[in-house]
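Fold and contact review
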Amino acid sequence: MMVPFRRKKSNKQFPVKVCTFDSELEFHLEHRATGRYLFDLICRTIGLRETWYFGLQFEDSKGNLSWLKMDKKVQDQSVHMTNGSCMFIFLAKFFPENVAEELVQEVTQHLFFLQIKQAILSMDVYCPPEASVLLASYAVQAKYGDYDEAVCKPGMLISENLLPQRVIDQYQMTPQMWEERIKTWYADHRGMSRDEAEMEYLKIAQDLDMFGVNYFPITNKKNTEVWLGVTALGLNIYNKENKLLPVTTFQWNEILHISFDDRKFVVKTNDSKNPKPVIFYSQKLRINKLILDLCVGNHDLYMKRRKPDTMEIQQMKAQAKEEKQRRQVERNKLTREKQLREAAEREKAAMEQRLMQLQEEMRAANEALHRSEEAAELLAEKNRLAEEEAMLLSHKAQEVEQEINRMRMTARKTEEEKMYLERKTQEAELLTARMMEESRKRALEADKLKNELIHARVAEKEAKEKLLNFLSRTSTESILITPSSSPESPMHEMHSYDLLADGDMEQLSLEIEKERVEYLAKSKQVQNQLKELRSEIEQLKIGENQCPLDDINAEQLRLGETKYSTLKKVKSGSTKARVAFFEELEPEESIV
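Residues numbered from 1 in each chain as written. Predicted model: local features only at pLDDT ≥ 70, side-chain atom pairs only at ≥ 80, totals over all residues. Heavy atoms only, no water.

1. A short note on the overall build of the protein
What counts, and what does not: Numbered from the N terminus, helices here are DSSP runs of H or I no shorter than four residues, and strands are runs of E no shorter than two. Throughout, a contact is declared for two residues whenever any of their heavy atoms are within 4.5 Å. Using a 1.4 Å probe, the Shrake-Rupley method yields the accessible areas, and only the shown protein chains count as cover for residues.
From N to C terminus, the protein includes 14 helices and 13 strands. Considering only residue pairs separated by 6 or more positions, the protein has 66% of its internal contacts joining residues 24 or more positions apart. Total accessible area on the protein stands at roughly 40200 Å², and carbon and sulfur atoms take up 52% of it.

2. Some remarks on the packing of aromatic side chains
In plain terms, the rule: Here is the rule: rings of Phe, Tyr and Trp (six-membered ring for Trp) pair when centre to centre is within 6.5 Å. Planes less than 30 degrees apart are stacked, more than 60 are edge-to-face, and the remainder are tilted. Only protein chains enter the calculation, and the probe is 1.4 Å; a residue is then buried if its accessible area is under 20% of its type maximum, exposed if over 50%, and partly exposed in between.
All told, the structure shown has 13 aromatic pairs when counted by the stated rule. For the ring pair Phe58 and Phe88, a centre distance of 5.8 Å and an interplane angle of 70 degrees mean the geometry is edge-to-face. Of this pair, Phe58 sits in strand 3 (residues 54–59) while Phe88 is found in strand 6 (residues 85–92), placing the two residues 30 residues apart along the sequence. For Phe88, a relative accessible area of 1% translates into the label buried. Pairing Phe95 with Phe211 gives two aromatic rings, centres 5.6 Å apart and planes at 70 degrees, and the pair type is edge-to-face. With Phe95 in the loop between strand 6 and helix 2 (99–102) and Phe211 in the loop between helix 7 (194–205) and strand 7 (214–219), the pair connects residues that are 116 residues apart, well separated along the chain. Here the two residues Phe95 and Phe211 agree in accessibility, since each one is buried. The structure contains a cluster of three or more aromatic residues connected by ring pairs, namely Phe39, Trp52, Tyr53, Phe54, Phe90, Phe95, Phe112 and Phe211.

3. A word on the UniProt feature "binding site: a 1,2-diacyl-sn-glycero-3-phospho-(1D-myo-inositol)" (unreviewed entry) in the protein
Stated formally: UniProt positions are given in the numbering used here, feature names are shortened, and annotations may be inferred rather than shown by experiment.
According to UniProt, the positions carrying the feature "binding site: a 1,2-diacyl-sn-glycero-3-phospho-(1D-myo-inositol)" (unreviewed entry) are Lys69, Met70, Asp71, Lys72 and Lys289. Inspection of the secondary structure assignment puts Lys69 in the loop between strand 4 (65–67) and strand 5 (81–82). Judged by its relative accessible area of 45%, Lys69 falls in the partly exposed class. Apart from the residues lying within four places of it in its own chain, the contact partners of Lys69 are Gly35 and Gln77. Turning to its location among the elements, Lys72 is positioned in the loop between strand 4 and strand 5. Judged by its relative accessible area of 42%, Lys72 is partly exposed. Apart from residues no more than four positions distant in its own chain, Lys72 is found in contact with Thr34, Gly35 and Gln77.

4. Quick notes on the confidence of the model for the protein
Which entries qualify depends on this criterion: The pLDDT score gives, residue by residue, the confidence of the prediction method on a 0 to 100 scale.
Model confidence for the protein is summarised by a mean pLDDT of 78, while 80% of its residues fall at 70 or above. Across the protein, the element-wise mean pLDDT spans from 51 in helix 14 (residues 574–585) up to 93 in helix 3 (residues 106–121). Note that residues 1–10 has pLDDT below 50 and, in this model, one contact with residues that lie over four places away or in other chains. Note that residues 585–592 has pLDDT below 50 and, in this model, 23 contacts with residues that lie over four places away or in other chains.

5. Details of the packing of helix 3 against helix 7
The geometry of a pair of packed helices is captured by two quantities: the angle between their axes and the separation between those axes. To keep it simple, the criterion reads: Interaxial angles span 0 to 180 degrees and are taken between N-to-C directions of axes, which are lines fitted to C-alpha atoms, for helices over the stretch in contact. Every angle not falling under 35 degrees, over 145, or within 65 to 115 is termed oblique; those three ranges are roughly parallel, roughly antiparallel and roughly perpendicular. Crossings are classed by handedness, with left-handed meaning an anticlockwise turn of the near helix from the far one by less than a right angle and right-handed meaning a clockwise turn. Side-chain classes follow a simple rule in which Ala, Val, Leu, Ile, Met, Phe, Trp, Tyr, Cys and Pro form the nonpolar group, Asp, Glu, Lys and Arg form the charged group, and the remainder, Gly included, forms the polar group.
Close contact between helix 3 and helix 7 brings their axes to 9 Å; oriented N to C, the two are set at 50 degrees. Classified by the interaxial angle, the pair formed by helix 3 and helix 7 is oblique. The handedness of the crossing between helix 3 and helix 7 comes out as left-handed. Together, Glu106, Gln109, His110, Phe112, Phe113, Ile116, Lys117 and Ile120 of helix 3 and Arg194, Asp195, Glu198, Met199, Tyr201, Leu202 and Ala205 of helix 7 make up the contact between the two elements. Across the contact of helix 3 with helix 7, the residue classes tally to eight nonpolar, two polar and five charged.

6. Observations concerning the sheet that holds strand 8 (residues 225–230)
Selection criterion: Strand pairing requires that DSSP identify at least two bridges connecting the strands.
The sheet built from seven strands is open, its strands ordered 10-9-8-7-13-12-11 with antiparallel pairing. Of all strands in the sheet, those bounded by a partner on one side alone are strand 10 (248–251) and strand 11 (255–261). In this sheet, adjacent strand axes meet at a mean angle of 30 degrees when their direction is disregarded. Sheet topology note: the strand 7/strand 13 (residues 278–282) ladder contains two bridges and is antiparallel.

7. Observations concerning the nonpolar core
Nonpolar side chains in soluble globular proteins tend to end up buried together. The cut-off we apply is this: Nonpolar cores were defined as sets of buried Ala, Val, Leu, Ile, Met, Phe, Trp, Tyr and Cys residues, with membership established by side-chain atoms within 4.5 Å.
Counting residues in hydrophobic clusters, the biggest one holds 102 residues, and the most contacted among them are Leu38, Phe88, Phe90 and Leu235. Not counting chain neighbours up to four residues away, the residues in contact with Phe88 comprise Val16, Lys17, Val18, Cys19, Leu38, Leu56, Gln57, Phe58, Leu68, Val74 and Val79.

8. As for helix 4 (residues 129–144)
Quick note on the threshold: A helix's residues, less one, multiplied by 1.5 Å, set its expected span.
Here helix 4 spans 22 Å end to end across 16 residues, near enough to the 22 Å set by a 1.5 Å rise per residue. Within helix 4, 14 of the 16 residues are buried, which leaves the element mostly enclosed by the surrounding structure.

9. Section: the pattern of salt bridges
To keep things clear, this is the line we draw: Salt bridges, as used here, are contacts in which a Lys or Arg side-chain nitrogen is within 4 Å of a carboxyl oxygen on Asp or Glu.
One pass over the full model with this rule turns up 23 salt bridges. Each of the salt bridges in this network shares a partner with another, and the network as a whole consists of Glu106, Arg194, Asp195, Glu198, Glu323, Arg326, Arg327 and Glu330.

10. What about the side chain of Lys183?
The line we're drawing: Charged residues are defined narrowly, with Lys and Arg counted positive, Asp and Glu counted negative, and His plus the chain ends left uncounted.
Along the chain, the position of Lys183 falls in helix 6 (residues 175–186). Here Lys183 is buried and forms no salt bridge, its nearest opposite-charge partner Glu179 lying at an N-O distance of 4.2 Å.

11. Considerations on the pairing of strand 11
One ladder, built from six bridges, connects strand 11 with strand 12 (residues 264–269); its direction is antiparallel. Considered in strand 12, the bridge of His257 is made with Lys268. Connecting strand 11 to the antiparallel partner strand 12 that follows it, the hairpin turn spans two residues, and Asp262 within it adopts a positive phi of roughly 60 degrees.

12. Here we look at unusual backbone geometry
Note on backbone geometry: most residues besides glycine have negative phi, and most peptide bonds are trans. Here the phi dihedral of Ser78 falls at roughly 55 degrees; this positive angle occurs in a residue that is not glycine. Position of Ser78 relative to the elements: it lies in the loop between strand 4 and strand 5. Non-glycine residue Asn83 carries a positive phi angle of around 55 degrees.

13. Things to note about the pairing of strand 2 (residues 24–30)
Judged by which residues are buried, strand 2 turns out to be one-sided: Leu25, Phe27 and Leu29 face inward and are buried, whereas Glu24, Glu26, His28 and Glu30, on the alternate face, are not. By the bridge criterion, seven bridges tie strand 1 (residues 13–19) to strand 2 in an arrangement that is antiparallel. The partner of Val18 across the bridge, within strand 2, is Leu25. Counting the residues between successive antiparallel strands, the hairpin from strand 1 to strand 2 contains four residues.

Set out below in structure tokens:
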């Protein structure tokens, strides 16, 4: 009996790399793996449940960008191999009408944030300069958290890719000037978490005219080139030079049928005033397939939004609400802990500052004490010298006192001698007077004796004999006079010494300065902020660097129109506009 031959299944796998905007995933798939299997594997890996917005984009063997089909095998879709691996990019394929109401999971918001941010920075989505600065401030808040002047130093944001190059080239502003304007708004977002900052970013971005629009070049039968825009609300038709303002629009609820035949694309509407179908032509059949795929997906989501939420979505929203409340409680707790920590850090800093001041005061006091000790030692030395000088002066004073006593005794002796000499002088004067009287008497007696001598000589002559017999005796006396002498008074020499002691000391004091913490809180509306920045940088605009989209945006601002008012105006006059528009494009075109 022959056994039928069975081919052995191959377990050989092939590598797959999937890039998101913040990570790269690697898988090994079997050859029979389908696109749905790979897509579900990626969603489970990143924890994504809102899978209906996303798809896998790849470059085929011909270099064209395509979306991976879920019902076909991966290897049967002509995926271009790079370094032996199939390369895919995980992207948002469809966009919500209202990001705040429709995006439930935080991971979904983060993926949309990264993709929209990249589209704005790469200038695939036009963004006015003032809105670019505001979006950049939310992007910085999402990346770095609350503004901290100590961390966000000048030049930190210059190296970041925050603004489209088109915006930078349009103004005569340095990177530092752009950084200052981003910081001004960045500081206003204090207390905002990453998911809140990313949601605020998406809320502003969804108001941009090119948000969520997939553009395709199409032509009419006469080869008039226009743009077809596939959006979450419907189809928009744009002039070739203007991707911001649609000429006409078709909402999904008024489109009955969409189909294509090779390069020919047909749109049937329920407009009774213009029942003729709209026909366009694309450049390639592949483009028509892509347009139809996007139309079907956006239409399904459009209808899904207008129905009650499924149990899965209700469960996701309930879980997201609980998770949001839990994160809010944790955030409040963290905020409270952060405030307590900041208060403790401020108190610690104040205590450290106080400690530094006290240490400085202690150091100054030690220096003062050291100087005081040196001054005390100097004063002690001076005191010792003063004591020695005092002792010396005391000895000298004793010697002087002894000299004074000696001189006093000498003076007393001199006084006694003086009195004795005066007394002797007086006695001598009396004696002299008596002697002079006696001398006068003696002179009288001598004169008398002289006369008597003369008479005697006469008588001698007369009577020599009698003279010979006369015995006369003459006596002579001498008087001794002692001159008086005055004692000389001794000279006294006095010495005096002055001692001056300087005991002045300087007292040192330090004043403690209190720091004032000023907090300036500003709550500004987004439109007022954008208007102020627009007016501020208007004078620095370089006219020749303006693109046509800038002129269109400026005209919209002048007229006070927004994305939604423009769509409303286009829709209100859609019948008339479509007739005029399509009469110009294909006046004789019809489809059976």
